[in-house]
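Architecture at a glance
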Amino acid sequence: LTGVLDDCLCDIESIDDFNTFKIFPKIQKLQERDYFRYYKVNLKRPCPFWADDGHCSIKDCHVEPCPESKIPVGIKAGSSNKYSKAANNSKELEDCEQANKLGAVNSTLSNQSKEAFIDWARYDDSQDHFCELDDERSPDAQYVDLLLNPERYTGYKGPSAWRVWNSIYEENCFKPRSVYRPLNPLAPSRGGLGSVCLFSWAGLCLEKRVFYKLISGLHASINLHLCANYLLEETWGKPRWGPNVKEFTRRFDPAETKGEGPRRLKNLYFLYLIELRALSKVAPYFERAVVDLYTGNGHEDAESKALLLDIFRDTKSFHMHFDEKSMFAGDKKGAKSLKEEFRLHFKNISRIMDCVGCDKCRLWGKLQTQGLGTALKILFSEKEIQSLPENSPSKGFQLTRQEIVALVNAFGR
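Residues numbered from 1 in each chain as written. Predicted model: local features only at pLDDT ≥ 70, side-chain atom pairs only at ≥ 80, totals over all residues. Heavy atoms only, no water.

Looking only at helices and strands, one finds 14 helices and four strands in the chain. For the chain, the proportion of its 413 residues judged to be buried stands at 51%. For the chain, long-range pairs separated by at least 24 residues make up 78% of all intrachain contacts whose partners lie at least 6 apart in sequence. Accessible surface, the chain: about 19,800 Å² in total, of which carbon and sulfur atoms supply 52%. (Helix = DSSP H or I, 4+ residues; strand = E, 2+ residues; numbered from the N terminus. Buried < 20%, exposed > 50% of the residue type's maximum accessible area, 1.4 Å probe, protein only. Contact = heavy atoms within 4.5 Å. Areas by Shrake-Rupley, 256 points an atom, 1.4 Å probe, with all protein chains shown as cover.)

Turning our attention to the pairing of strand β1 (residues 38-41). Burial along β1 is two-sided: the face carrying Y38 and K40 and the face carrying Y39 and V41 are both buried. As paired strands, β1 and strand β2 (residues 142-145) are joined by four bridges and run antiparallel to one another. Bridging from a neighbouring strand, V41 pairs with Q142 of β2. (Pairing = 2+ DSSP bridges.)

This part is about the pattern of salt bridges. Per the stated rule, a full pass over the model turns up 16 salt bridges. Residue R37 pairs with D145 through a salt bridge whose shortest N-O separation is 2.6 Å. Note that R37 is positioned in helix α2 (residues 34-37) and D145 in strand β2, a separation of 108 residues in sequence. D145 shares its class with R37; the two are buried. (Salt bridge = Lys/Arg side-chain N within 4 Å of Asp/Glu carboxyl O.)

Under the feature "binding site: FAD" (unreviewed entry), the UniProt entry names R152, T154, W165, S216, H219 and R251. In this structure, W165 sits in helix α6 (residues 159-172). When near neighbours in sequence (up to four residues on either side) are disregarded, W165 contacts I215, H219 and I222. Position of H219 among the secondary structure elements: in helix α7 (residues 206-228). (UniProt positions renumbered as here; feature names shortened; annotations may be inferred.)

What follows concerns the environment of V282. Note that V282 resides in helix α9 (residues 260-287). A sequence separation of 93 residues divides V282 from A375, and the C-alpha atoms of the two residues are 8.9 Å apart. Those residues in contact with V282 that lie beyond four places of it in its chain are F312, I378, I385, F397 and L399.

This paragraph deals with the environment of N229. Inspection of the secondary structure assignment puts N229 in the loop between α7 and β3 (230-235). Linking N229 and R152, residues 77 residues apart in sequence, is a C-alpha distance of 5.0 Å. Look past the residues within four positions of N229 in its chain and what remains in contact with it is E151, R152, Y153, W241 and G242.

In this numbering, the UniProt entry assigns the feature "active site" (unreviewed entry) to C358 and C361. Following the sequence through the fold, C358 ends up in the loop between α11 (332-352) and α12 (359-379). Overall, the relative accessible area of 3% leaves C358 in the buried class. Residue position: C361 is located in helix α12.

This model, assessed by the stated rule, comprises 12 aromatic pairs. Both rings, one in Y35 and one in F36, keep their centres 5.0 Å apart while their planes meet at 70 degrees; by these two values the pair is edge-to-face. Here Y35 falls in the buried class, since its relative accessible area comes to 5%. Among the aromatic residues, ring-to-ring pairing joins Y285, F286, F312 and F397 into one connected group. A cation over a ring is seen here: R152 above W241, with NZ or CZ 3.8 Å from the ring centre. (Phe/Tyr/Trp six-rings, centres within 6.5 Å; stacked < 30°, edge-to-face > 60°. Lys NZ or Arg CZ within 6 Å of the ring centre and 35° of its normal.)

The following block contains the structure:
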């Protein structure tokens, strides 16, 4: 993949060099720190758009909840959390067992981690939050160690997975009229599976092009991680994970995708640029002394913040950022209406992630969607960020720990 990206003055080679030599080594270190490795998520929220479609990993292959002894005690809802030990006795299908095993979320936590959550909760509650996320106070929300639950192929595929992406593209995305999504794998073929016609942005304004590219880039990122960390074989109960070149080719090769694959990869670079821009814009928020990456370990907290500020300095040194000022720049009434439409579409997509049948896929889908949502929130709040008081929390712009963790890990992906 080479050349200039559409809608920005940036070439792919410059992004590759900048990421490989400056950003990636540091962001990888940051993701391993306690503040960024624990993400609180509710994997039990029901799909709000359609009834569960019977895929085994949805109904019969649920991850078993944490036993009482292992529940993180720092959950903000306090002692109201009660997890019933509903063991899964249904072992009807072999592939169901496989999906359960591959998709299982490892929810074990050390005693040290659990004690830290009490302090985190206390610290978080003392902050003046701009908004409170629904998941935070739910009795079903629990901390997950992201390092123990890497994003990789879990066996989740077919009509259930197709339905999620189809709903995102067809019902919640400003899609170019000429781009056709792959047809339902179970439906009778109408002109061939995955048919794509010539690409055209006719009639689609910059803001809607940006929205489509972000969702396509997110999709490409997820698919890339599934191809790069694929279950290659399982001998004597020991799985071997690694790159699956055949699967990568099927999803991204120009010949296999009727020319669409390279465009998907370009959209991934575009997503990178948007999140990179958000990191450079939010730097003043974190540069204030009042903001700590609080875990209770003063030395580690200081090191984490120093590393994050170092990454911010790198993001500011990049000379080919996407210019978000060109968005929503028309007449005020039209721009405000379009911005709200943009926000509602994105909110809907984040809700669709609760329809993902595999828990591990749902975890990473929710995290990356929230990370992108946080990036958009930052880009649309520049004035509020610039006018933040130095020594006190502000109601004008605030990030929760969840949003910070999601932003850094989504960009890390």
